[in-house]
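This is what each chain is made of:
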Amino acid sequence: MAWAVTAGTSLTFPLVVASVQYAPRTLPNALIRSLHLSSSSSASPMSTTTPQQSHSSFEILGGARDKFLPALSHVLSRPYHPFPFLGWNRHIETISASFYRSIPDIRLRRQCLRTQDGGAVALDWVSGDDRRLPPDAPLLILLPGLTGGSGDSYVRHMLNKARSKGWRVVVFNSRGCGDSPVTTPQFYSASFLGDIREVVAHVTGRYPNANVYAVGWSLGANILVRYLGQEGYNCPLSGAVSLCNPFNLVVADEDFHKGFNNVYDKALAKSLRTIFNKHVLLFEDIGGEYNIPMAANAKSVREFDDGLTRVSFGFKSVDEYYSSSSSSDSVKHVQTPLLCIQAANDPIAPARGIPREDIQENPNCLLIVTPKGGHLGWIAGDEAPFGAPWTDPLVMDFIQYLETEEVKYPKTSSNPDGKVALHHLEV
């Protein structure tokens, strides 16, 4: 599992189903409409639930359920219907979304941010937003996942959706990701929170009158939740969303080596080798426990993490690295409004790794598990099969609700952070 350098990777295998090569975005509009209609017609009687109810096709729990669920009823009152054929198998859905989802055309302006240790990350802002938007417009930081950069389709769709609602958006490309420069012999990892702290500090300092939120996918979600947990009461974010979070990296690593998941592992390992070999001279004569040949020739992500990642961040073994870097242990400490969205059939972020008990006991957290979705797929909803993921409207409903509440409670001397009064846990 790509818990280390994952952005810029690509799954280089064809999608072949029933010996028929699937062509991207070639389904006739009439056929797409008919498939949507046939999917809707199979809805259960529960689809007539009232707006305050959630449909039985979802698993929903969390200490913040009563507070946040009414704001999401527009989406959750309807059943989850995966798009026919593409959404019925988790591997087909995962691969289809990766290869064939449309990519919105958005002009971005890059800012390279030098970190305190001499490294660098790339922040991609929407070109022209400084002129178009007021300085206090709500701001959304996006943390990509396994293919990890601002050019990825799910990132672009979320960016486009938020922008259409008047939000300022910036994509955080980690070291080596999305063509972000690598200037030191250290990439990023699931364990390292230094970069996200500096990015959040930079963004909040640049727009001090704006409420700042964050959305993370996969590895980005794991890093985001760990950051929320470690910051606790001092977190400057007004809210966050975690999608396809592996949560327990030990459990996720176990599943990553089973069955068809080996295909993902080999494809990602190949891409990791490609990224690493572009910067291998930075590791020349580095010494210590590094195994540079193992990393340069890794046949699995675990091998790459053993040769490079766990050594870079001071872990004695890969298992110690995965165990110490899991965001499942951070959920109990989160004091920021947090929505977690998972798919029950996610092949890379297993549902059995979700820290349900801690989410249930934390009055700031809400979990929604869809019956289908694959990994970064969610080919369902009005824009399926090639448009935005089903999750995007839900994410926007959540953060817009939080922003409305923040506006109701502006920053004052007695409430310097302008925070909504949420319950807090003693930790």
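Residues numbered from 1 in each chain as written. Predicted model: local features only at pLDDT ≥ 70, side-chain atom pairs only at ≥ 80, totals over all residues. Heavy atoms only, no water.

## Overview of the overall build of the protein chain
Within the protein chain, the regular secondary structure consists of 15 helices and 11 strands. Here the protein chain holds 427 residues, and 58% of them are scored as buried. Pairs at least 24 apart in sequence give 78% of the contacts found in the protein chain among residues at least 6 apart. Accessible surface computed for the protein chain: about 17000 Å², of which carbon and sulfur atoms make up 52%. (Helix = DSSP H or I, 4+ residues; strand = E, 2+ residues; numbered from the N terminus. Buried < 20%, exposed > 50% of the residue type's maximum accessible area, 1.4 Å probe, protein only. Contact = heavy atoms within 4.5 Å. Areas by Shrake-Rupley, 256 points an atom, 1.4 Å probe, with all protein chains shown as cover.)

## Quick notes on the environment of valine 169
Structurally, valine 169 can be placed in strand E7 (residues 168–173). Spatially, the C-alpha atoms of valine 169 and methionine 158 are 9.3 Å apart, while their sequence positions differ by 11 residues. Those residues in contact with valine 169 that lie beyond four places of it in its chain are Asp124, Trp125, Val126, Leu140, Leu142, Leu159, Ala162 and Arg163.

## Quick notes on the pattern of salt bridges
Enumeration over the complete set of coordinates arrives at 19 salt bridges. Between arginine 302 and aspartate 253 there is a salt bridge, and its shortest N-O distance comes to 2.7 Å. One end of the pair, arginine 302, is in helix H12 (residues 301–312); the other, aspartate 253, is in helix H9 (residues 249–256), with 49 residues separating them in the sequence. Its relative accessible area of 26% is what places arginine 302 among the partly exposed residues. Taking relative accessible area as the criterion, aspartate 253 reaches 6% and is therefore assigned buried. Here lysine 258 and aspartate 255 are joined by a salt bridge, their closest N and O atoms 3.4 Å apart. You can call lysine 258 partly exposed: its relative accessible area is 49%. Given a relative accessible area of 15%, aspartate 255 falls into the buried group. Beyond isolated ion pairs, a larger network of salt bridges with shared partners links Arg109, Asp130, Arg168 and Arg206. (Salt bridge = Lys/Arg side-chain N within 4 Å of Asp/Glu carboxyl O.)

## Focus: the packing of helix H10 (residues 261–278) against H12
Packing of H10 against H12 brings their axes to within 8 Å, and their N-to-C directions diverge by 35°. Only Val301, Phe304 and Leu308 of H12 make contact with H10, whose side of the interface consists of Asp265, Leu268, Ala269, Leu272 and Phe276. Of the residues in the contact of H10 with H12, the class split is seven nonpolar, no polar and one charged. (Axes fitted to C-alpha atoms, helices over the stretch in contact; angles between N-to-C directions. Nonpolar A, V, L, I, M, F, W, Y, C, P; charged D, E, K, R; others polar.)

## Some words on the environment of valine 182
Take valine 182: it is sitting in the loop between E7 and helix H7 (194–206). Given the relative accessible area of 12%, valine 182 is considered buried. Apart from the residues lying within four places of it in its own chain, the contact partners of valine 182 are Arg175, Gly176, Phe187, His279 and Leu282.

## Some thoughts on unusual backbone geometry
Cis peptide bonds are those with omega within 30 degrees of zero, and the linkage from alanine 384 to proline 385 qualifies with 5°. Relative to the helices and strands, proline 385 is located in the loop between strand E11 (365–370) and helix H15 (391–408). We note that phenylalanine 85 has phi near 70°; this positive angle belongs to a residue other than glycine. If you trace the backbone, phenylalanine 85 turns up in the loop between helix H3 (73–76) and helix H4 (90–100). The residue leucine 376 is not glycine, and still its phi comes out positive at about 60°. Mapping leucine 376 onto the fold places it in the loop between E11 and H15.

## With respect to the nonpolar core
Core analysis: the largest hydrophobic core is formed by 48 residues, its most contacted members being Ile141, Ile196, Leu228 and Leu237. Take this core: its biggest share by element is six residues, from helix H8 (residues 219–231). Sequence-distant contacts of leucine 228, defined by excluding residues within four places in its chain, comprise Cys235, Leu237, Ala240, His333, Val334, Thr336 and Leu338. Within the second largest apolar cluster, 42 residues are counted, among which are Leu142, Met158, Ile368 and Ala380. (Core = buried A, V, L, I, M, F, W, Y, C linked by side-chain atoms within 4.5 Å.)

## Observations concerning the side chain of aspartate 346
Mapped onto the fold, aspartate 346 is located in the loop between strand E10 (338–343) and helix H14 (356–361). The buried charged residue aspartate 346 lacks any salt bridge partner; its closest oppositely charged side chain belongs to arginine 90, at an N-O distance of 6.9 Å. Among the polar contacts listed, one links the side chain of aspartate 346 to the backbone nitrogen of alanine 349, at a separation of 2.9 Å. A distance of 3.0 Å separates polar atoms of two side chains, one belonging to aspartate 346 and the other to histidine 375. If we skip the residues at most four places from it in the chain, aspartate 346 touches Arg90, Cys244, Gly374 and His375. (Lys, Arg positive; Asp, Glu negative; His and termini not counted. Polar contact = N/O pair within 3.5 Å; in protein donor to acceptor, adjacent residues only side chain to side chain.)

## Considering H4
Of all 11 residues in H4, eight are buried, a share of seventy percent or more. The complete set of buried residues in H4 reads His91, Ile92, Glu93, Thr94, Ile95, Ser96, Ala97 and Tyr100. The backbone nitrogen of histidine 91 lies 2.9 Å from a side-chain oxygen of the residue at the head of H4, namely asparagine 89.

## Description of the confidence of the model for the protein chain
Averaged over all residues, the pLDDT of the protein chain is 87; the fraction at 70 or higher stands at 83%. pLDDT under 50 marks residues 41–51. Its contacts with residues more than four places away, or in other chains, come to 14 contacts. Low pLDDT (under 50) marks residues 421–427, which in the prediction has 17 contacts with non-local residues, meaning those over four places away or in another chain. (pLDDT = per-residue confidence, 0-100.)

## Quick notes on the side chain of threonine 370
Secondary-structure assignment places threonine 370 in strand E11. Here threonine 370 falls in the buried class, since its relative accessible area comes to 0%. In terms of polar contacts, threonine 370 uses its side chain to reach the backbone carbonyl oxygen of lysine 372, at 2.6 Å. Excluding residues that lie within four positions of it along the chain, threonine 370 makes contacts with Phe58, Tyr80, Gln342, Ala343, Ala344, Trp378 and Trp390.

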